[in-house]
Amino acid sequence: MTLNLTEETAPEGYERLVFAQDPESGLQAFICVHSTVLGPAAGGCRMWNYATVDEARTDVLRLAEGMTSKNAMADLALGGGKSVIIGNPQSDKSPALLRAFGRAVQSLDGSYYTAEDVGISPDDMKIVAEETPYAVGLEDGAHGTGDPSPFTAQGVFQCLLVGAEVVFGTSDLSGRRVLVQGLGHVGMSLAEKLHGAGAELIVADINEAALQHAKTAFGATICDPAEIFETEMDILAPCALGGVLTEATAQKLSAKLVCGAANNQLETPEVADALRARGIRYLPDYVVNAGGIISVAGEIHKAGTSYRTERLDGVAARIRTLVDLSDKTGRTTTAVADDMVADILAKASDAARGAA
Ligand code: NAD
C-alpha cells in the first residue's frame, strides 16, 4: 500500500487535479474533477502510452472539461471528470496497478465516478471495483450496465443518420462512403451498423487484426491512417483519439459530414469555423458520443439498464435541435452547443446559490 496522492493546483475553472503514484505496481495516473455543479463528476479512465507526464496532464484536463459539457447536454445529474493512466495497456497493465488506481478513485470519496475508456475494458473495471464502489460500467452487480461502448456506437449511428438526412437529403446510407477512423470498442460496433445499413466502408487503424476483421466481416477497404485526408469519402467518423481535425486537415477533408465517437476531435474551437466555411457539417463530439455515459449513469443512479433505454434516443434528438438552431442562427453547431452548456451550468449554479 504505497499509494502517493499529490493534490496539484487545478487550473482556473477546474475543481481538482490529483496525481496518483504507486511505485510498487508502477501506477502513474491523473484524476481530474472539472465540475460537480450538476452532480458528482463522471467520466472514463483512459490508459495510454503518453510520452510525458505533461502530455497526460494536458489530456486529462481537456477530457474532464469535455465530460462536463457531455453530461450537461445529455441532461444527466452528473458533473465532469476523467482519469488517465500513463502506460501501455498491452504491456503495463496488471491487477495490482488497476487496484492501486481503484484506491486513488476511492480517495476522492465519491466526487468522481470512473468507467471504461480507451485501453480499459469491463474486465479491468471489475478489478478497479474491488477497491471502490465508484467504478461503473460493470458486467454484473445489481445495477450493472456493462460495457458502455455499444451504446456510444448506437448514439453515434443515430446521429449520423440525422446528419446524412440534413446533408444529403436522405438517411439512406446505401453506397455512401463512410470512413471509420479507429476500430476499437466503439468504432468496430459502429462499422457493423454502417455495414448493415448498406454503407461503403473505408477503415483506418494502427491495429492490423482489427483492419482485417473489418475487411472480412464488412467488406471494408483499408486506408492508411496517414492517408485519411487524401481519401475520397462522404462521411468521416473519427473513433480513435482526439485532435484529428486541425486547420490543415479541415482544408483537405473530402467528407461533407463528420460524426464520430472520439472525444475532442477539433484541435482548436476555430476548426469548427474552418469546417463550416468549407460546407462541412460537424456534429459536436460531446453531444454525439453521450450514449456510453448515459448507459453508466443508470448504474450510478442505481436504475440499471432501463435508464439508458429511456434516454438513448435523446442523443439524436439533441443533434437535430442543434442542427436546426445552427441553421437558424448561422452559427456553428459547436458554438450553439457550447452556449447551451454554459446556460445549463449557470442555471444550476444560480439554483444552488438560491438554495444555500
Ligand atoms: P478503443 O481503445 O477500444 O479503440 C481505439 C481504436 O483507435 C483502437 O483500435 C486503436 O488501435 C485505434 N487508434 C489509435 N490511434 C490511432 C490512429 N492514429 N489512427 C487510427 N486508429 C488509431 O477506444 P474506444 O472505447 O473505442 O473509444 C474510441 C474513442 O471514442 C476515444 O476517443 C474515446 O475517448 C471515445 N469515446 C468512447 C466511449 C466509449 O463508450 N468507449 C464513449 C465516449 C467517447
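None of the values given here were measured: they were computed from a predicted structure. (Residues numbered from 1 in each chain as written. Predicted model: local features only at pLDDT ≥ 70, side-chain atom pairs only at ≥ 80, totals over all residues. Heavy atoms only, no water.)

Novice: Can you tell me about the site of the ligand, naming the residues and giving the values?
Specialist: Not every one of the 24 residues close to the ligand is listed here, only the nearest: Thr152, His185, Asp205, Ala240 and Asn263. Between the ligand and the protein, one listed contact pairs a nitrogen atom with a side-chain N or O atom of Ser149 at 3.2 Å. Asn263 is positioned with one of its side-chain polar atoms (N or O) 2.8 Å from an oxygen atom of the ligand. Contact with the protein chains removes 87% of the 830 Å² of surface that the ligand exposes when unbound. Elements with a minimum of two residues in the shell around the ligand: helix H4 (149-168) and helix H5 (185-196). By residue class, the composition of the shell around the ligand is eleven nonpolar, nine polar and four charged. Residue assignment places the shell around the ligand across two domains, with domain 1 (4-67 + 80-128) and domain 2 (149-290 + 317-341) each supplying three or more. (Near = heavy atom within 4 Å. Polar contact = N/O pair within 3.5 Å; in protein donor to acceptor, adjacent residues only side chain to side chain. Areas by Shrake-Rupley, 256 points an atom, 1.4 Å probe, with all protein chains shown as cover. Helix = DSSP H or I, 4+ residues; strand = E, 2+ residues; numbered from the N terminus. Nonpolar A, V, L, I, M, F, W, Y, C, P; charged D, E, K, R; others polar. Domains from an automatic or database assignment.)

Novice: Lay out the packing of aromatic side chains with the relevant residues and their values.
Specialist: Scanning the model with the defined rule gives two aromatic pairs in all. Relative to Tyr134, the ring of Tyr113 has its centre 5.2 Å away and its plane inclined at 85°; by these criteria the two rings are edge-to-face. Residue Tyr113 is found in strand E7 (residues 112-113), and its partner Tyr134 is found in the loop between helix H3 (122-128) and H4; the two are separated by 21 residues along the sequence. Per residue, the accessibility class of Tyr113 equals that of Tyr134, and both read buried. One residue, Arg176, lies across the ring of Phe168, its end atom 4.0 Å from the ring centre. Positioned above the aromatic ring of Tyr307, the side-chain terminus of Arg311 is 3.6 Å from the ring centre. (Phe/Tyr/Trp six-rings, centres within 6.5 Å; stacked < 30°, edge-to-face > 60°. Buried < 20%, exposed > 50% of the residue type's maximum accessible area, 1.4 Å probe, protein only. Lys NZ or Arg CZ within 6 Å of the ring centre and 35° of its normal.)

Novice: Please provide a residue-by-residue account of the pattern of salt bridges, values included.
Specialist: Following the criterion strictly, the structure yields 18 salt bridges and no others. Measuring nitrogen to oxygen at the nearest pair gives 2.9 Å for the salt bridge that ties Arg353 to Asp350. Taken as a pair, Arg353 and Asp350 lie in helix H13 (residues 333-355) at a separation of three residues, close to a single helical turn. Under the relative-accessibility criterion, Arg353 is labelled exposed at 57%. (Salt bridge = Lys/Arg side-chain N within 4 Å of Asp/Glu carboxyl O.)

Novice: So what's going on with the environment of Thr145? Which residues, and what values?
Specialist: Note on placement: Thr145 falls in the loop between H3 and H4. Note on Thr145: relative accessible area 5%, which makes it buried. In this structure the C-alpha to C-alpha distance between Thr145 and Ser295, which are 150 residues apart in sequence, comes to 6.3 Å. Ignoring any residue separated from it by four or fewer positions in sequence, one finds Thr145 in contact with Gly137, Leu138, Phe151, Ser295, Val296, Gly298, Glu299, Gly304, Thr305 and Arg308. (Contact = heavy atoms within 4.5 Å.)

Novice: Break down the domain arrangement of the protein for me, with residues and values.
Specialist: Structurally, the protein comprises domain 1 (4-67 + 80-128) and domain 2 (149-290 + 317-341). On the side of domain 2, six residues touch domain 1, which itself brings eight residues to the contact. Of the roughly 670 Å² buried between domain 1 and domain 2 on both sides combined, carbon and sulfur atoms contribute 49%. When residues of domain 1 are sorted by the area they lose upon contact with domain 2, Arg46, Trp48 and Arg62 head the list and together hold 54% of the total. Taken together, domain 1 and domain 2 are joined by zero salt bridges. If you look at where domain 1 meets domain 2, you find one residue pair in polar contact (both at pLDDT 80 or more). (Buried area = accessible area lost by both parts, 1.4 Å probe.)

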